[in-house]
Amino acid sequence: LVDSKIIPEEKRKNNLNLARPITFQEFIGQEKLKSSLRIAIDASIYRKEPLEHTLLYGQPGLGKTTLAFLIAKEMNTKCRIATAPAIERPRDIVGLLLGLKEGEVLFIDEIHRLNRLTEELLYSAMEDFRLDLTMGANRGARCRTINLPRFTLVGATTKLASISAPLRDRFGISQKIEFYTCDELKQIIDNFSRLISFNVDDEASSHLAKISRGTPRIALRLLRRVRDYAQVVKKTNVISVNLIKKALNSYQIDEKGLDYVDRQYLSFLNQNKNIPTGLDSIAAGLGDDSSMLEFVVEPYLIQIGFLTRTPRGRLLTALGKKYIDSKNDNF
Ligand code: ADP
């Protein structure tokens, strides 16, 4: 178990997200990914070169942004953050690239959502640290080349398949971030509780870990909700399983960690006589965004064996049907 006290207090104060690990050692789990990144980082330091461009893919909340910060920290440099939907015009990406200093890390979240023009500008920037710009239009158009400092692009995506092959091929390193085990989530919960001086007993942190959908962001979010409830309603800093169940119940999260939206989703399929149903029909029926359902709701329902994806559509499993039949929610 990592002792948060090893991090000097003044460094923590500079860390806006208190829960965000600020050393590789504090980053729990993902051992294979960490050890291959470690080798690549050490080799780059040895050669005095920036780390190769790195693509991180996996579900939301698994630690992609955190890893980008850690890579920059290990490379003893800064990490600049951007998200692809905010890079609308070519001049946005040009501005970002020209603002980089030698060796810095540029993190682009949701990189599969870059538009074509921006993506094409990135090709030469990534490959040759050069920007090929066309100035003016039609017959007066001229090409201009600007040299860039050498940098590392860290791209993050939840949709690897949506990244075009030319962009994907320009990442020297490509790593998947997996869901976390209960033990790993328990460690994350224990470390964070200690950091905020909150006394969560062993059984309680195991219970929270079990309902956190393999995702640190969810574990930390649940812990914060439990803390609110404990401090405001129960006036205590000591957390037991019982208290967690009561707290989560007040947020309509049940013993499986399923919330209102999950149950609404399962109920919709159940009421639809559980015939295979396409994601878009479910999204339209529930009035929800289909990518939220696909990336936030469905992965966990599949993981706990309540849902299957078939070529003809989504289906409840017998386990999922039994669960939703036992609930009295009225949607
Ligand atoms: P993503 O970019 O994949 O959506 P983040 O990097 O923003 O995920 O992580 C979400 C939250 O979970 C952050 O508060 C982060 O500190 C925490 N977290 C993620 N991975 C880990 C880990 N391996 N160990 C400890 N905390 C983690």
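Structure's up top.
What comes next is a walk through the structure.

**Looking at the pairing of strand β1 (residues 54-57)**
Here comes step 1: Sheet analysis places β1 next to strand β6 (residues 152-157), joined by four bridges and oriented parallel. Within β6, the residue paired with Leu 56 across the bridge is Ala 156.
Here comes step 2: Across four bridges, the pairing between β1 and strand β7 (residues 173-176) is parallel. Pairing of Tyr 57 across the sheet is with Lys 176, part of β7.

**Here's the deal with the sheet that holds strand β2 (residues 79-83)**
Here comes step 1: Ordered by their spatial adjacency, five strands build an open sheet running β2-β3-β6-β1-β7, and the pairing between neighbours is parallel. Since the sheet does not close on itself, it has two edges, and those belong to β2 and β7, each with one partner. Strand-to-strand twist across the sheet, computed as the mean angle between neighbouring axes with direction ignored, equals 15°.
Here comes step 2: As judged from the four bridges shared by strand β3 (residues 105-109) and β6, these two strands associate in the parallel manner. Bridged to Val 105 within β6 is Thr 152.

**Notes on the nonpolar core**
Here comes step 1: Core analysis: the biggest nonpolar cluster contains 51 residues, and Ile 71, Leu 208, Val 226, Ile 239 and Leu 248 have the highest contact counts within it.
Here comes step 2: Counting only elements with at least two residues in this core, the list comes to α2 (31-47), α3 (64-74), β3, β6, α7 (182-195), α8 (202-210), α9 (216-232) and α10 (241-250).
Here comes step 3: Ranked by the residues each element gives to this core, the list is headed by α9, at eight residues.
Here comes step 4: Excluding residues within four positions of it along the chain, Leu 248 makes contact with Leu 208, Ile 211, Leu 222, Val 226 and Ile 253.
Here comes step 5: Leu 55, Ala 84, Leu 122 and Phe 171 belong to the second largest nonpolar core, which has 27 residues in total.

**Overview of helix α11 (residues 260-271)**
An α-helical segment advances 3.6 residues per turn. Residues three or four places apart therefore align on the same side.
Here comes step 1: Helix length check: α11, at 12 residues, gives a terminal C-alpha distance of 16 Å against a target of 16 Å (1.5 Å per residue), a fit within 8%.
Here comes step 2: Within the sequence span of α11, burial applies to Asp 262, Arg 263, Gln 264, Tyr 265, Leu 266, Ser 267, Leu 269 and Asn 270.
Here comes step 3: Looking at the buried side of α11, the elements it contacts are α12 (279-286), α13 (290-303), β10 (307-310), β11 (313-316) and α14 (318-325).
Here comes step 4: Its side-chain oxygen at 3.1 Å from the backbone nitrogen of Val 261, Asp 259 defines the N-terminal cap of α11.
Here comes step 5: Directly beyond the C-terminal end of α11, a positive phi value near 60° is found at Lys 273.

**Let's talk about the site of the ligand**
Here comes step 1: The immediate surroundings of the ligand are formed by 19 residues, with Arg 20, Ile 28, Gly 61, Thr 65 and Thr 66 found nearest.
Here comes step 2: Measuring from an oxygen atom of the ligand, one finds a side-chain N or O atom of Arg 217 at 2.9 Å.
Here comes step 3: Computed on the free molecule, the ligand has an accessible area of 560 Å², of which 94% lies beneath the protein chains in the complex.
Here comes step 4: Of all the elements in the fold, those that place two or more residues in the shell around the ligand are α3 and α9.
Here comes step 5: Its residues assigned to classes, the shell around the ligand comprises 10 nonpolar, five polar and four charged.

**Focus: the packing of aromatic side chains**
Working definition: an aromatic ring pair is given by the centre-to-centre distance plus the angle between the planes.
Here comes step 1: For the coordinates displayed, the defined rule picks out two aromatic pairs.
Here comes step 2: Taking the centre distance of 5.5 Å and the plane angle of 75° together, the rings of Phe 129 and Phe 151 count as edge-to-face. Within this pair, whereas Phe 129 is found in the loop between α5 (116-128) and β4 (130-135), its partner Phe 151 is found in the loop between β5 (142-147) and β6, the two being separated by 22 residues in sequence. Taken as a pair, Phe 129 and Phe 151 share a single burial class, namely buried.
Here comes step 3: The lysine or arginine in question, Arg 170, covers the ring of Tyr 123, its NZ or CZ lying 4.3 Å from the ring centre.

**A look at the pairing of β5**
Here comes step 1: As paired strands, β4 and β5 are joined by six bridges and run antiparallel to one another. If you follow Leu 133 over to β5, its bridge partner there is Arg 144.

**Focus: the side chain of Thr 54**
Here comes step 1: Structurally, the position occupied by Thr 54 is in strand β1.
Here comes step 2: Engagement of the side chain of Thr 54 in a polar contact is seen with the backbone oxygen of Glu 52, the distance being 2.9 Å.
Here comes step 3: If near-sequence neighbours (up to four positions away) are discounted, Thr 54 is found in contact with Leu 37, Leu 153, Val 154, Gly 155, Phe 171 and Ile 173.

**Some points on the side chain of Ser 124**
Here comes step 1: Note that Ser 124 resides in helix α5.
Here comes step 2: When its relative accessible area of 12% is taken as the criterion, Ser 124 is described as buried.

**A few points about the packing of α8 against α10**
Here comes step 1: Remark: α8 packs on α10, axes separated minimally by 8 Å, with the N-to-C direction vectors making an angle of 35°. Residue-level contacts link Glu 203, Ala 204, His 207 and Leu 208 of α8 to Val 241, Ile 244, Lys 245 and Leu 248 of α10.
Here comes step 2: Looking at the contact of α8 with α10, its residues break down into five nonpolar, one polar and two charged.

**Concerning unusual backbone geometry**
Here comes step 1: For Lys 273, which is not glycine, the phi torsion reads 60° and is therefore positive.
Here comes step 2: With respect to the element layout, Lys 273 can be found in the loop between α11 and α12.
Here comes step 3: The phi angle at Asn 274 is positive, at roughly 50°, despite the residue not being glycine.
Here comes step 4: The residue Asn 274 is located in the loop between α11 and α12 in this model.

Cut-offs applied
- Residues numbered from 1 in each chain as written.
- Predicted model: local features only at pLDDT ≥ 70, side-chain atom pairs only at ≥ 80, totals over all residues.
- Heavy atoms only, no water.
- Pairing = 2+ DSSP bridges.
- Helix = DSSP H or I, 4+ residues; strand = E, 2+ residues; numbered from the N terminus.
- Axes fitted to C-alpha atoms, helices over the stretch in contact; angles between N-to-C directions.
- Core = buried A, V, L, I, M, F, W, Y, C linked by side-chain atoms within 4.5 Å.
- Buried < 20%, exposed > 50% of the residue type's maximum accessible area, 1.4 Å probe, protein only.
- Contact = heavy atoms within 4.5 Å.
- Expected span 1.5 Å × (residues − 1).
- Polar contact = N/O pair within 3.5 Å; in protein donor to acceptor, adjacent residues only side chain to side chain.
- Near = heavy atom within 4 Å.
- Areas by Shrake-Rupley, 256 points an atom, 1.4 Å probe, with all protein chains shown as cover.
- Nonpolar A, V, L, I, M, F, W, Y, C, P; charged D, E, K, R; others polar.
- Phe/Tyr/Trp six-rings, centres within 6.5 Å; stacked < 30°, edge-to-face > 60°.
- Lys NZ or Arg CZ within 6 Å of the ring centre and 35° of its normal.

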